[in-house]
2 protein chains.
Amino acid sequence: MADRRTVIVEAALLGANDERAADNRRRFAACGVTVVNLLSSPGSGKTTLLARTLADLGPRLRSAVIVGDLATDLDAQRLRAAGIDAVQIATGGTCHLEAGMVAEAAGRLDLTALDLLVIENVGNLVCPASFDLGEAVRVVLVSVTEGEDKPLKYPVAFKSAHAAAVTKIDLATVTGFDRDRALAAIRAVAPQAALFEVSARTGDGLDGWYRYLMAEVDRRAGRVRR
Amino acid sequence: MADRRTVIVEAALLGANDERAADNRRRFAACGVTVVNLLSSPGSGKTTLLARTLADLGPRLRSAVIVGDLATDLDAQRLRAAGIDAVQIATGGTCHLEAGMVAEAAGRLDLTALDLLVIENVGNLVCPASFDLGEAVRVVLVSVTEGEDKPLKYPVAFKSAHAAAVTKIDLATVTGFDRDRALAAIRAVAPQAALFEVSARTGDGLDGWYRYLMAEVDRRAGRVRR
């Protein structure tokens with residue numbers, strides 16, 4: 001009985017979330033802002049990659065970040081210290097962001113003044129994948145330190161991603177990372193995803209990632225890059 | 001409305017889980033088996049630490065593992081390859097193990113022949129913390145590669161743990177891990193937890209971890225270690 005009610009309520013919740021996500025998507029499109037939903041395990045390097053990416057692209061791109069965590073505003077502090085406009089959502093225990101939370105946080109930003117809005121989701125490779133936030137682009141990260149099998153073990157996040165990035169590749173040798181096995185796992189689960197291998201520390205692989213992001217922004221803004 | 005129903009159903013679900021967890025706990029106690037619930041992010045090294053721990057303690061300890069993942073039986077395969085008896089639960093998308101799943105999996109083991117049963121939970125630093133499985137000991141892992149702030153950002157798992165272990169300490173130098181800050185974060189959130197720093201690769205710190213586990217087993221088995 002509890003199981004049955006759960007299914008019903010889950011469907012209702014996801015339905016309500018989908019409606020709000022559709023509202024968000026219309027609002028983002030009207031403002032010409034490209035919205036990226038960034039998913040990964042805790043500690044895969046979301047904030048570090050974002051801080052470097054948005055600092056490096058800063059001269060060419062007006063950007064902001066909405067960041068979700070169960071508790072603390074540590075990530076927003078880190079991003080602001082890197083000169084990035086950031087709004088923190090503290091979910092108070094909820095394991096994922098929902099479209100309504102994002103709508104509220106987005107209300108604190110001038111969307112018309114932005115080219116790119118990144119939503120850094122709660123660190124969780126499972127639950128955030130089930131909640132559309134109204135994003136245009138979903139990106140999943142997996143670090144070399146997590147092991148090569150994660151796409152197979154946590155397929156939902158990878159299946160729903162437009163792009164996947166292997167992070168911390170500067171640690172590949174010391175961790176004994178099996179690159180071929182990891183890339184094969186991503187391609188098996190997420191053949192649709194653009195694939196990047198990056199190190200925010202050394203800068204390796206960032207050029208391709210930046211080109212992808214800029215192309216997504218340009219496509220939506222309907223203009224040629226400066 | 002949806003929110004209100006959710007709260008009711010969540011409470012009902014957790015209540016039903018608690019009842020089954022209490023059943024599990026009585027059954028485990030009657031069999032004299034110490035049950036550990038192991039929580040962490042994906043890729044913190046749960047399986048690697050378990051494989052080494054149970055292999056090293058093998059001569060002194062009869063053990064088995066119940067391992068949960070959304071998909072695949074890769075972890076059970078890895079454990080079996082290390083000579084460890086393992087039962088895989090594939091949750092099919094559910095982000096945590098529940099007491100009922102554990103009861104079913106435990107039915108496939110001879111509990112009376114075990115000193116220690118480890119339940120390796122789904123890799124997720126959020127949701128598993130809310131579900132009692134009937135364990136006697138809850139252990140949370142966090143690897144040096146995840147960064148020092150994780151206990152502050154994901155407090156629930158740490159607050160509910162009897163022990164916390166920092167894993168992959170062989171990578172501390174190369175990752176620039178700030179040990180003092182990490183230990184302070186764990187102590188701030190989880191002052192009750194026994195604290196270990198380990199590397200399953202080099203063996204550093206494992207002695208203390210093994211002594212803790214063996215003391216827990218001995219306490220429940222009511223006998224002196226061989």
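Look above for the structure.
Residues numbered from 1 in each chain as written. Chains lettered and ligands numbered in written order. Predicted model: local features only at pLDDT ≥ 70, side-chain atom pairs only at ≥ 80, totals over all residues. Heavy atoms only, no water.

**Concerning the overall build of chain A**
In step 1: Of regular secondary structure, chain A possesses nine helices and seven strands.
In step 2: Relative to the 2.2 N^0.38 estimate, which gives 17 Å for 226 residues, the radius of gyration of chain A is 17 Å and therefore close to what a compact globule would have.
In step 3: For the C-alpha atoms alone, the extent of chain A along its principal axes is close to 50 × 45 × 35 Å.
In step 4: In chain A, the share of contacts with a sequence separation of at least 24, taken over all contacts with a separation of at least 6, comes to 73%.
In step 5: Just so you have it, chain A exposes about 9,000 Å², and 52% of that area is on carbon and sulfur atoms. (Helix = DSSP H or I, 4+ residues; strand = E, 2+ residues; numbered from the N terminus. Rg over C-alpha atoms; globule rule 2.2 N^0.38 Å. Contact = heavy atoms within 4.5 Å. Areas by Shrake-Rupley, 256 points an atom, 1.4 Å probe, with all protein chains shown as cover.)

**Regarding the sheet that holds strand S5 (residues 137-143) of chain B**
Residue and element names in this part refer to chain B.
In step 1: Sheet architecture is open: seven strands sit in the order S3-S2-S4-S1-S5-S6-S7, paired in parallel fashion. At either end of the open sheet lies a strand with only one pairing partner, and these are strand S3 (85-90) and strand S7 (194-197). Averaged over all pairs of adjacent strands, the angle between their axes in this sheet comes to 20°, without regard to strand direction.
In step 2: Across the sheet, helix H2 (residues 46-57) is in contact with strand S1 (34-39), strand S2 (63-69), strand S4 (116-120) and S5; its angle to S4 comes to roughly 165°. (Pairing = 2+ DSSP bridges. Axes fitted to C-alpha atoms, helices over the stretch in contact; angles between N-to-C directions.)

**Some details on the interface of chain B and chain A**
When the parts of a complex come together, some accessible area is lost, and that lost area is often used as the size of the interface.
In step 1: The interface is formed by 40 residues belonging to chain B together with 40 residues belonging to chain A.
In step 2: Summing the contributions of chain B and of chain A, the shared interface buries around 3,100 Å²; its carbon and sulfur component is 64%.
In step 3: Applying the counting rule to chain B against chain A returns four salt bridges.
In step 4: Lys153 of chain B is the salt-bridge partner of Asp75 of chain A, the closest N and O atoms lying 2.9 Å from each other.
In step 5: Along the contact surface separating chain B from chain A lie eleven residue pairs in polar contact (both at pLDDT 80 or more).
In step 6: Elements represented by at least two residues in the side of chain B that touches chain A include exactly helix H1 (2-31), helix H3 (74-81), helix H5 (150-153) and helix H7 (172-175) of chain B.
In step 7: With eight residues, the single largest contributor to the side of chain B that touches chain A is H1 of chain B. (Buried area = accessible area lost by both parts, 1.4 Å probe. Salt bridge = Lys/Arg side-chain N within 4 Å of Asp/Glu carboxyl O. Polar contact = N/O pair within 3.5 Å; in protein donor to acceptor, adjacent residues only side chain to side chain.)

**Points about the nonpolar core**
In step 1: Grouped together as the largest cluster of nonpolar side chains are 86 residues, with contacts concentrated most on Ile66, Leu117 and Phe158 of chain A together with Ile66, Leu117 and Phe158 of chain B.
In step 2: In this structure Leu117 of chain A touches Phe28, Val33, Thr34, Val35, Val36, Ala64, Val65, Ile66, Leu109 and Leu111 of chain A, once residues within four positions along its chain are discounted. (Core = buried A, V, L, I, M, F, W, Y, C linked by side-chain atoms within 4.5 Å. Buried < 20%, exposed > 50% of the residue type's maximum accessible area, 1.4 Å probe, protein only.)

**Observations regarding the relation of the copies chain B and chain A**
In step 1: With an RMSD of 0.0 Å, the operation that places chain B on chain A is a rotation of 180° combined with a shift of 0.0 Å along the axis. Between the two chains, the operation in question is that of a two-fold axis. (Least-squares fit on C-alpha atoms with pLDDT ≥ 70 in both.)

**Digging into helix H8 (residues 179-189) of chain A**
All names here are of chain A.
In step 1: For H8, the complete set of buried residues consists of Ala182, Leu183, Ala185, Ile186 and Val189. All buried residues of H8 project into a common sector of 155° when viewed along the axis, lining one side. Turned more than 90 degrees away from the buried face of H8, the exposed residues are Asp180, Arg187 and Ala188.
In step 2: Along its buried surface, H8 packs onto strand S5 (137-143), helix H5 (150-153), helix H6 (155-159), strand S6 (163-167) and strand S7 (194-197). (Arc of directions from axis to C-beta.)

**Points about the pairing of S5 of chain A**
Residues and elements named next belong to chain A.
In step 1: In terms of burial, S5 is largely enclosed, as seven of its seven residues are buried.
In step 2: Because side chains alternate across S5, one face comprises the buried residues Val137, Val139, Leu141 and Ser143, and the other comprises Arg138, Val140 and Val142, equally buried.
In step 3: Taken together, the four bridges between strand S1 (residues 34-39) and S5 define a ladder with parallel strand orientation. Considered in S5, the bridge of Asn37 is made with Arg138.

**Some words on the side chain of Thr91 of chain B**
All names here are of chain B.
In step 1: Looking at the secondary structure, you find Thr91 in the loop between S3 and helix H4 (99-106).
In step 2: Overall, Thr91 belongs to the buried group, its relative accessible area being 12%.
In step 3: One polar contact links the side chain of Thr91 to the main-chain carbonyl oxygen of Thr94, over a distance of 2.6 Å.
In step 4: Beyond its immediate stretch of four places on either side in the chain, Thr91 contacts Asp69, Leu70, His96, Leu97, Met101 and Val122.

**Comments concerning empty space enclosed by the protein**
Residue and element names in this part refer to chain B.
In step 1: Overall, the coordinates contain five cavities of 30 Å³ or more when judged by the stated rule.
In step 2: Estimated volume of the largest cavity: approximately 60 Å³.
In step 3: The element best represented in the lining of the largest cavity is H2, accounting for four residues.
In step 4: Classifying every residue of the lining of the largest cavity by side-chain character gives nine nonpolar, one polar and no charged. (1 Å grid on protein atoms, 1.4 Å probe; cavity = no way out; pocket = protein on both sides within 12 Å on 5 of 7 lines; lining within 4 Å. Points joined across faces, edges and corners; volume = space filled by probe spheres on them. Nonpolar A, V, L, I, M, F, W, Y, C, P; charged D, E, K, R; others polar.)

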